Amino acid sequence: MAALVVGQKAPDFKLTGTDLEPITLDKYKGRNLILHFFPLAFTSVCTEQLCTANGEENDYASLNAEVVGVSVDSPFVLDKFSKENNLNFPLGSDFNRKVSEDYGVLFDGDFAGMTGFSMRSAFVIDSEGVIRYAETTDGKSLPSFENIKKTLNSLKG
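The present account deals with the structure reproduced in this document.

Parameters at a glance
Residues numbered from 1 in each chain as written. Predicted model: local features only at pLDDT ≥ 70, side-chain atom pairs only at ≥ 80, totals over all residues. Heavy atoms only, no water. Salt bridge = Lys/Arg side-chain N within 4 Å of Asp/Glu carboxyl O. Buried < 20%, exposed > 50% of the residue type's maximum accessible area, 1.4 Å probe, protein only. Helix = DSSP H or I, 4+ residues; strand = E, 2+ residues; numbered from the N terminus. Pairing = 2+ DSSP bridges. Axes fitted to C-alpha atoms, helices over the stretch in contact; angles between N-to-C directions. Contact = heavy atoms within 4.5 Å.

### Description of the pattern of salt bridges
One pass over the full model with this rule turns up 8 salt bridges. Note that Arg132 is salt-bridged to Asp126, the shortest N-O span being 2.7 Å. Connected through salt bridges with shared partners, the residues Glu56, Asp59 and Lys149 form a single ionic network.

Below, the structure is given as C-alpha cells:
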C-alpha cells in the first residue's frame, strides 16, 4: 500500500501498548496526534527520534497534541525501551504489522537480510482524524520536528 498523504482520513488502528492494553485512534479524538513510526527499539537513530519527541512534550501539550510511538517490536521490548529512555508517551506494538501496512510504511525491501519493519515516519493527525502531515525518511534521518510543530501550530484556533 502507498504511504498516506495529507488530507486523507487516517486509518483507524489498534496497537498493543506496553501495559498490554489497546491503543486506538479513537482514544485521541478531539486532540491532535503525532504517530512516530520507528524501525526497531534500542537502535541509535530510533532512540534519538523518540527521545527528541519526548523532549518536545511540553510544546506538544500546549498545541493539544499527544505522541504515540509505533514499531513492530513486541510490547515487552517496547516497555523496556520506554523505561530505559524515560519516555512520557505510549509506545504501541504493531507486532502483526497491520498498522504499518495500513499507513504505507511497512518496509518490504532488504536491509542487512531483514525486512518487515516500520520505516521511520511521522504523521500528524488532527482532532477530527485527518492527516495533516506525513513524512517518511530514508531511515538514517529523523523526521522534521520543526515541520511537525509548524503543522500543529497551523491547527490552533
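### A look at the pairing of strand S4 (residues 65–71)
Counting buried positions over the 7 residues of S4 gives 6, a clear majority of the element. By the bridge criterion, 6 bridges tie strand S3 (residues 32–37) to S4 in an arrangement that is parallel. Looking at S4, one finds that Phe37 is bridged to Val70. Pairing between S4 and strand S5 (residues 91–93): 3 bridges, direction parallel.

### Things to note about the sheet that holds strand S2 (residues 22–24)
Reading across from one edge, S2-S1-S5-S4-S3-S6-S7 is the order of the 7 strands in this open sheet, with mixed pairing throughout. The open sheet has two free edges, formed respectively by S2 and strand S7 (131–136), since each of these has just one partner strand. Geometrically, the sheet is characterised by an average inter-axis angle of 30° between neighbouring strands, direction not taken into account. Along the sheet face, helix H3 (residues 75–84) touches strand S1 (14–17), S4 and S5 and points at about 160° away from the line of S5. Each of S3, S4, strand S6 (121–125) and S7 touches helix H5 (residues 145–154); the most contacted strand, S3, lies at about 160° to it.

Limitation: the analysis is restricted to geometry and does not speak to function.
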